[in-house]
Amino acid sequence: MISSNTYDAIIIGGGHNGLVAAAYLARAGKKVVVLERRHIVGGAAVTEEIFPGYKFTEFSYVVSLLRPEIIRDLELPKHGLKILPLPSTFTPMDNGDYLASWDDHDLTRREIYRHSPLDAEAYDEYSRVMARAAKAIKPIINLIPPDPSSLHPRDLFNLLKLGQYAASLSEKELYMIAKLVTQSSADLLEEWFETDALKGTKAASGIIGTFLGPRSPGTAYVLLHHYMGEIDGAFRAWGFAKGGSGGVSGAIANAARALGVEIRVNSPVKQVKVKSDPSTGSGQARVTGVVLENGDEIDSKVVMSAADPKRTFLQFVEPKHFPDEFVTAIQNFRVRGSSGKVNIALSRLPRFTALPDEPALYRGAVSISPSIDYIERAYDDAKYGQISRRPYLDMIFPSMIDPDMAPPGQHVLSCFVQYAPYDVEGGWTDEKRNQLGEAVISTIEQYAPDIRECIVGMQVISPKDIESIAGITGGNIFHGELLLHQIFFLRPVPQWADFRTPLKGYYFGASGAHPGGGVMGAAGMLAAKEILKDGF
Amino acid sequence: MFNLKTTPFHERTSKLCQPQNWRKWAGYFVAGSYEHTLDREYWAIRNAAALIDVTPLMKYVIKGKDAAALLHRVTTRDIYKMKVGQIYYTGWCDDEGKMIDDGTVSRLDDSTFRLTAAEPNLRWLTMNAAGMDVQISDVTDEVAALSFQGPNTRKVLNLVCEKPVDELKYFRLMTNTIQGVGVTISRTGYTGDLGYEIWMDNNDALKVWDALMEAGADYGITPVGILAMDMARVEAGLFMLDVDYTSTTHAWIEAQKSSPFELGLDWTVALDKPGYFVGRRALEREKREGSAWKMVGLEVDWDGMEKIYKQVGLPPQIPGMAVRASLPILVGSVQVGYASTSSWSPLLKKYIALAHLQRPYYEIGTEVRMEITVEHHRQYAPARVVKLPFYEPEWKRR
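Residues numbered from 1 in each chain as written. Chains lettered and ligands numbered in written order. Predicted model: local features only at pLDDT ≥ 70, side-chain atom pairs only at ≥ 80, totals over all residues. Heavy atoms only, no water.

Within chain A, the regular secondary structure consists of 18 helices and 20 strands. A globule of 536 residues ought to have a C-alpha radius of gyration of about 24 Å, and chain A, at 23 Å, matches this closely. Projected onto its principal axes, the C-alpha positions of chain A cover 75 × 55 × 45 Å. Taken across its 536 residues, chain A has 63% of its residues classed as buried. Of the contacts formed within chain A by residues at least 6 apart in sequence, a portion of 72% connects residues at least 24 apart. Counting every atom, chain A has about 19900 Å² of accessible surface; 54% of that belongs to carbon and sulfur. (Helix = DSSP H or I, 4+ residues; strand = E, 2+ residues; numbered from the N terminus. Rg over C-alpha atoms; globule rule 2.2 N^0.38 Å. Buried < 20%, exposed > 50% of the residue type's maximum accessible area, 1.4 Å probe, protein only. Contact = heavy atoms within 4.5 Å. Areas by Shrake-Rupley, 256 points an atom, 1.4 Å probe, with all protein chains shown as cover.)

Okay, the sheet that holds strand S12 (residues 181-186) of chain B next. Residues and elements named next belong to chain B. In spatial order, the strands read S11-S12-S13-S10-S4-S14; together these 6 strands make up an open sheet with mixed pairing. Strand pairing shows two members of the sheet lacking a second neighbour, strand S11 (173-178) and strand S14 (221-223), which therefore form its edges. On average, adjacent strands in this sheet sit at an angle of 25° to one another, irrespective of strand direction. Bridge analysis of S11 against S12 gives 6 bridges, and the strand direction is antiparallel. (Pairing = 2+ DSSP bridges. Axes fitted to C-alpha atoms, helices over the stretch in contact; angles between N-to-C directions.)

Turning our attention to the pairing of strand S4 (residues 47-51) of chain A. Residues and elements named next belong to chain A. Judged from the 3 bridges that link them, S4 and strand S5 (residues 54-57) form a sheet pairing that is antiparallel. Opposite Thr47, over in S5, you have Thr57 as the bridge partner. The loop that links S4 with its antiparallel partner S5 comprises 2 residues; one of these, Gly53, has a positive phi angle of about 95°.

This part covers the domain arrangement of chain B. When the parts of a complex come together, some accessible area is lost, and that lost area is often used as the size of the interface. All names here are of chain B. Assigned domains of chain B: these are domain 1 (5-57 + 140-224), domain 2 (59-139 + 259-289) and domain 3 (237-258 + 292-398). Once you take the C-alpha centre of each, domain 2 and domain 3 turn out to be 29 Å apart. Each partner contributes to the interface: domain 2 provides 18 residues, whereas domain 3 provides 18 residues. Taken together, the two surfaces of domain 2 and domain 3 that pack against each other cover about 1400 Å², and 52% of this comes from carbon and sulfur. (Domains from an automatic or database assignment. Buried area = accessible area lost by both parts, 1.4 Å probe.)

Confidence in the prediction of chain A, expressed as mean pLDDT, is 89, and 92% of residues score 70 or more. Note on residues 231-236 of chain A: pLDDT is under 50 here. Beyond four places in sequence and across chains, it has 10 contacts. (pLDDT = per-residue confidence, 0-100.)

All names here are of chain A. If you walk through the whole model with that rule in mind, you get 51 salt bridges over all chains. With its nearest N and O atoms 3.1 Å apart, the salt bridge here joins Glu191 to Lys179. On the criterion of sequence distance, the pair formed by Glu191 in helix H7 (residues 185-192) and Lys179 in helix H6 (residues 171-182) is long-range, its members being 12 residues apart. In this structure Glu191 comes out as partly exposed when scored by relative accessible area, which is 43%. A salt bridge links Glu438 to Arg452, with the shortest nitrogen-to-oxygen separation between them at 2.8 Å. Taken as a pair, Glu438 in helix H15 (residues 430-447) and Arg452 in helix H16 (residues 451-454) lie far apart in primary sequence, 14 residues in all. Of the residues examined, Glu438 reaches a relative accessible area of 37% and is grouped as partly exposed. (Salt bridge = Lys/Arg side-chain N within 4 Å of Asp/Glu carboxyl O.)

Here it is in structure tokens:
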């Protein structure tokens with residue numbers, strides 16, 4: 001009778017990484033179960049109908065980095081995945097004008113030229129330089145990070161590969177990368193551009209998901225991280241998944257089920273079961289399964305956590321099973337949530353005063369980022385525990401891209417808001433939540449004065465809500481900031497960036513692992529491949 | 001609705017463009033052709049007078065005490081030697097001696113130049129002008145341009161211009177008046193035939209167009225699109241950015257870049273000119289050591305091609321326009337280069353190509369084979385390296 005609750009592998013967490021890992025393991029013939037705390041899968045990549053008829057892509061809302069090999073390997077299109085184009089970005093300016101960019105090069109050049117002929121050219125060159133840097137860094141993403149201090153043959157081999165790769169880069173490329181990892185996004189952008197709205201909009205992507213401002217060193221790298229999605233060129237950059245981000249999770253879940261994965265919802269894990277391994281004789285501990293909150297036990301020699309690093313290493317497993325330094329490092333891992341989400345049901349589209357007759361731009365992103373100073377000021381508020389009075393907003397109208405997201409003629413608006421600090425002064429209360437909602441609406445109102453008339457319903461998500469609903473400790477959208485000291489072989493902890501952990505049979509494959517966040521799936525895929533390498 | 005720009009001639013050209021085959025060129029729309037087949041337009045270039053809207057060419061006015069110094073620094077030509085009214089064709093390079101772009105420099109007066117380019121170069125010019133007393137303005141959207149090409153163009157211009165153009169020499173310019181409108185006329189073009197380019201304020205564009213069309217009616221004046229011009233420029237051995245070479249600013253990898261020597265522009269690289277210019281050291285080294293590649297002309301052997309087609313029972317099938325597809329060039333069974341543009345030459349009755357070959361295969365007379373697709377099968381037609389241009393009428397410079 002043991003067989004029914006015994007699996008080759010248990011995956012904790014049915015977010016996209018957990019589902020990807022499960023699918024890859026099942027594809028290799030393993031019997032896998034995914035345990036999801038909530039009643040739906042997807043984690044932070046979910047779509048929910050908070051108001052009847054209006055589908056909110058609640059947390060994560062765009063797809064840029066979902067690895068194409070995952071789409072191919074798991075045949076995701078067959079399981080319902082469609083990534084629809086997000087063809088433009090529009091930034092309303094304080095003088096009533098706007099700045100737009102399209103996926104068409106000539107149109108974008110013409111538009112930027114209107115603001116600055118020099119910037120129009122610099123934009124081309126900058127895009128190429130960033131794309132080249134992204135291309136140069138891309139192979140690193142798919143390489144299991146070697147531990148530079150280890151003499152393990154695998155590490156040495158990977159280190160050698162990395163060394164060879166670094167040697168293949170030109171001197172110029174190396175300098176460029178060195179600058180990108182040390183500069184602030186403001187410094188980098190000021191080297192290139194003079195138009196405030198252009199710099200503001202570009203800088204915004206350097207601070208998303210961090211608790212840093214555009215003038216903080218290291219943010220230039222985050223900017224590059226966001227460029228990764230663009231290097232596949234025609235193979236696609238930013239997009240919006242049919243049905244919202246829940247559409248991505250749904251497709252992966254369908255693919256996983258088709259491969260034989262069992263997905264159990266409403267199954268929160270209480271504890272990972274650990275016992276000393278008699279076979280080693282040394283008393284080294286190893287996992288034997290998990291205990292659910294309801295007391296059920298499930299057995300497996302392999303458990304992979306797709307939860308955040310804090311839960312994975314400080315909650316599911318008693319810290320005594322890990323070395324002290326490891327525990328300290330996880331405790332120090334920075335997961336400061338800095339952003340929130342406001343999802344709005346609309347009776348009609350609001351009118352941006354800068355765009356009298358241009359419905360086309362409502363099909364792309366709307367960025368409230370008129371200048372670097374604007375964003376830095378928003379950060380200033382947050383540094384001292386306040387919600388930004390005038391936050392940076394990255395908005396899309398999902399219903400303009402996928403008409404099935406709202407009732408015919410009506411719309412949904414997804415607003416990513418930064419900064420909304422997790423540790424807001426006085427803690428997150430309904431009053432604070434209302435304050436965040438109001439900051440967003442009054443900010444939009446500056447550019448689209450009729451926004452309030454269109455609102456049918458509104459959902460405000462604070463970092464605290466990201467923590468309590470999606471289960472991400474600290475409410476950081478990347479499960480841990482993409483800071484230089486938290487990436488690559490340092491993510492989540494030095495020496496343990498290869499998806500293994502000090503506890504035998506326990507693996508970690510989520511956004512808090514290499515190569516980091518975004519609806520990318522790479523951590524889940526790479527972790528599954530490492531698990532399979534270990535043989536079980 | 002957001003869209004690309006139309007040129008100041010659009011009011012006329014849009015009514016004439018039968019196939020509605022608008023092409024994108026540097027952020028503008030221009031007519032691909034005005035008729036459904038290219039024959040008449042091509043022959044207007046070679047036999048009469050072709051009127052081509054080339055407004056999208058990037059145009060910069062460079063003015064000031066250091067204008068000559070800036071262009072001397074940026075381009076490969078000796079700008080200090082240039083006389084007022086003279087025009088140089090030139091490429092410009094990055095510091096590794098690889099081509100960024102190419103175009104013409106016109107000396108309008110002692111301290112004023114006009115530079116044309118295929119791509120935006122304002123940033124590059126501005127960066128190089130650090131510390132110089134010079135103003136650089138992008139006049140692309142203010143200055144309309146017509147290329148007037150073909151053996152009858154001089155006669156037509158003499159009819160409409162206040163001053164005759166008979167004395168205007170090859171690669172020189174003059175100011176003139178057409179219908180009371182001030183224009184600059186340069187004896188330049190992209191066809192390798194007798195021809196002129198007429199530069200005017202946007203607001204005067206239609207007046208000049210109408211005057212030329214009226215005066216040219218008896219001389220076979222024909223509005224011509226860029227597709228027919230593309231065939232003529234291949235015959236003239238003139239290359240095109242992004243088709244026949246990749247700008248260093250666009251290149252993803254080193255191998256995509258080209259030096260002026262590799263493009264056959266040896267004559268434009270004035271290594272004897274005084275002082276520094278961008279790319280000088282790299283170009284000196286390449287001159288010393290020789291170039292790894294060279295752009296040459298290829299003539300496909302008609303009899304050889306006929307034989308290959310005969311095997312499937314067909315006569316040779318050649319597209320009636322320039323083809324911008326890369327075609328492998330082999331010697332024996334080893335690839336030694338590629339053709340970047342190939343075209344049927346209606347005048348020469350030859351299948352010709354601009355090809356990039358590795359040393360030593362770029363020597364004139366080398367026998368090579370060019371890939372052709374015959375009834376869905378890859379075949380290799382015999383071809384020979386020839387001197388460029390393929391066609392140069394004696395009246396081009398006279």
